[in-house]
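Results of the structural survey
Residue strings, one per chain:
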Amino acid sequence: MALIELNKVKKTYYIGGQIPVQALQEVTLTIEAGEFVAIMGPSGSGKSTLLAILGLLDRPDSGSYQLLGKEVSHLSEQETSCLRNRLLGFVFQSFNLLPRLDIVTNTMLPFLYCQGASVAERAEAQALLKRVGLGDRLHHRPNQLSGGQQQRVALARALANKPLIIMADEPTGNLDSRSAREIIDLFKEINEQGNTIIMVTHEADLASQASRIISLSDGRIVSDQRVKEQAAGRTAELPQFKPRNLNLFSLGRLANYFNEAYLSLLTNKLRSFLSILGVVIGVGAVIAMLAIGFGAQRQVEKSLAALGTNLLSVRTAPRQQGISLGADSVTRFTLEDLNALKTLEGIKAVVPYVQGRGQVVYLNRNWNTQIYGTSTDYPLVRDATPTSGRFFTETEDHMRSKVAVIGVEVAKQLFPDENPVGKWIKINRVSFQVVGVLPEKGARGFQNADDQIILPLSTAMHRLLGRDYINYFDIQAQSAEDLSGIQEAVSPLLVKLHRLPPSQADIFDVRNMADIQKAASETVNTFSFLLGAIAAVSLLVGGIGIMNIMLVMVMERTHEIGLRKALGAENGDILTQFLVEAVLVCVLGGVIGIGVGALISFLISFFAGWTVLITGRSILLAFSFSVLVGVVFGLWPARRASRLLPIEALRYE
Ligand code: ADP
Ligand code: MG
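Described below are features of the structure shown in this document. Owing to the predicted nature of the structure, the values given are computational and were not obtained by experimental measurement.

Along the chain, the position of Glu581 falls in helix 18 (residues 571–607). For Glu581, the contacting residues outside a window of four places in its chain are Ala261, Ser264, Met553 and Arg557.

We now examine the site of ligand 1. Close contacts around ligand 1 come from Tyr13, Val21, Ala23, Pro42, Ser43, Gly44, Ser45, Gly46, Lys47, Ser48, Thr49 and Arg651, and that covers them all. At 2.7 Å, a backbone N or O of Gly44 approaches an oxygen atom of ligand 1. Between ligand 1 and Arg651 there is a distance of 2.7 Å, counted from a nitrogen atom to a side-chain nitrogen or oxygen. Those elements that place two or more of their residues in the shell around ligand 1 are strand 2 (19–31) and helix 1 (47–54). In terms of residue count, the dominant contributor to the shell around ligand 1 is helix 1 (three residues).

A general trend in soluble globular proteins is that nonpolar side chains are found buried together. Core analysis: the largest hydrophobic core is formed by 81 residues, its most contacted members being Ile4, Leu50, Tyr65, Leu67, Ile165 and Ile198. Taken domain by domain, this core gets at least three of its residues from each of domain 1 (4–243) and domain 2 (257–302 + 519–651). Once residues within four sequence positions are removed from consideration, Leu50 is found in contact with Leu6, Leu24, Val27, Leu29, Ile39 and Leu216. Core analysis: the second largest hydrophobic core is formed by 45 residues, Leu341, Val408, Val430 and Leu500 among them.

The next subject is helix 6 (residues 177–192). The end-to-end C-alpha distance of helix 6 is 22 Å, a good match for the 22 Å that 16 residues give at a rise of 1.5 Å each. Capping of helix 6 at its N-terminal end is provided by Asp176; its side-chain oxygen lies 3.2 Å from the backbone amide nitrogen of Arg178. Phi turns positive, to about 120 degrees, at Gly194, one or two residues after helix 6.

Below, the discussion takes up the environment of Leu465. Structurally, Leu465 is set in the loop between helix 14 (457–464) and strand 19 (472–477). Sequence separation between Leu465 and Gln355 is 110 residues; the distance between their C-alpha atoms is 8.4 Å. Residues within four places of Leu465 in sequence aside, it is in contact with Val354, Gln355, Gly356 and Ala460.

Definitions and cut-offs
- Residues numbered from 1 in each chain as written.
- Chains lettered and ligands numbered in written order.
- Predicted model: local features only at pLDDT ≥ 70, side-chain atom pairs only at ≥ 80, totals over all residues.
- Heavy atoms only, no water.
- Helix = DSSP H or I, 4+ residues; strand = E, 2+ residues; numbered from the N terminus.
- Contact = heavy atoms within 4.5 Å.
- Near = heavy atom within 4 Å.
- Polar contact = N/O pair within 3.5 Å; in protein donor to acceptor, adjacent residues only side chain to side chain.
- Core = buried A, V, L, I, M, F, W, Y, C linked by side-chain atoms within 4.5 Å.
- Buried < 20%, exposed > 50% of the residue type's maximum accessible area, 1.4 Å probe, protein only.
- Domains from an automatic or database assignment.
- Expected span 1.5 Å × (residues − 1).

See below:
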């Protein structure tokens, strides 16, 4: 059985898809194990085309190709990858070494695509490099070597998987005559050890070193001479093709992809930086926006919880526009209303409020704040028992005593380093004694429960604000079940008390705080969702940036893809490699972005005083979103890369 048998193999190219070029016309050829074949002929005679078909890098249009007795011209892409990896070794005119990797790693490339070989066969690669005379250069990278030395590395790589046949297309075309001679001597040595060699060359004196010289012209064999005794060649069974395990499940292989992706990112530092920056901005924005959104949500929940539970608020509705109700119809709450409301069923407490602003002075410190007059039920209903000092008493309310309970913000402003309890302050020029400090509520924004002063109702009405009416009430029900009954009873009661016509019942605005709370948190939810969506758009833009850069990378590395395929990489290998690279960019960007987002959130809370909240959920969301961006936007360029035909990829300049 012959090693190789071609029968009437034809290959026609179409220039621009139309003009046919017959690169090979019915080539019939038999090559035995152990031969050293030189293929000669003028430029354009079809030498490279023939070698590509022999090397399973290209398919003939018609004719048969038998390798070790088996027809191989119709095998699947995966099967030819496997055969290239196991049986064939390639040496190209332009050495096709990967500049990022040291020469040992370059030599190990075929192992990466070989089922069963462990990726860590460094020793074997080192031995091969010693065999081609580079034992003292193991840590060099290709660009640190001369052309002749680089071609030796390529030869070592071709030998890595112990192939039967070495295919070389003008291996000495880029070398000076001395290096060329050394390479040919190495070929001869390898041939004598049993490898079959098929070499394209146009230099007659190099061809004369071979055992057989085949000349091509216009796609036909015009002469075929045996010039020397052929060596005793090795032969083998055709390897059985087994589909490889999924790439991802081989840890060694995956580690290798990550290492290569990392090296490739290092090679193009600026470009990698820019694509990572895109993801960093996206993820950072997602984290910061979600932190603001969740923080606002937490804030609303907290400030509403600070209002107390089972609460109704009773106010007079703002006058409807266009309806003049006349001066005498101004409806204001009175102490009678307070007493009447207290008689309703299911009531726990009714808290009246008068409201005003006041200029507060202590020594040389000034502060303008909200003043409330209220009853002794306030601490109970608002869950606001003073943390230091005490609340005012019923008696003090009756006596119109000039005592004040102040919020923590007021305490901070007037008494930065003293205990306020017992001190005398002036509110609108009236002296008050501070008896207590309210607990911190942390509520900010429209109603700051920390920036206020609470006075006894009658003191505030008659001694400070000069009022004979109450602004509004809070009603606390004994339980949630009592709430709706009370809510319905309030308006009719007040209408009766004020002798209003029933049509004016809507003057009174009775609201359940829980409803307000719900409405507020819904608004905040919408708001945080919107923020998140805006941030997601920036991540999307980052993803498109990555896709763009990946496409450029695929283009730039087309040659490399061709080489990897020649060495036995399947489509899946190439796909995984580019995908790993895209995902690595996104993972790096994601991790940095989380840090940046956290920093931004911190700065916002520090300088703007907003509550921000970074949750595990938002970190997970941002991170998985960025990985998803890597996969989705990396997939298309990676697929494009993986589908390139090996010969076309190799020919790409
Ligand atoms: P050689 O290696 O002997 O110089 P090739 O085998 O590369 O020649 O090419 C044989 C012929 O086929 C040439 O005329 C070349 O122009 C043509 N050819 C090779 N590859 C292509 C291609 N991809 N598209 C069109 N024509 C091609
Ligand atoms: Mg050629």
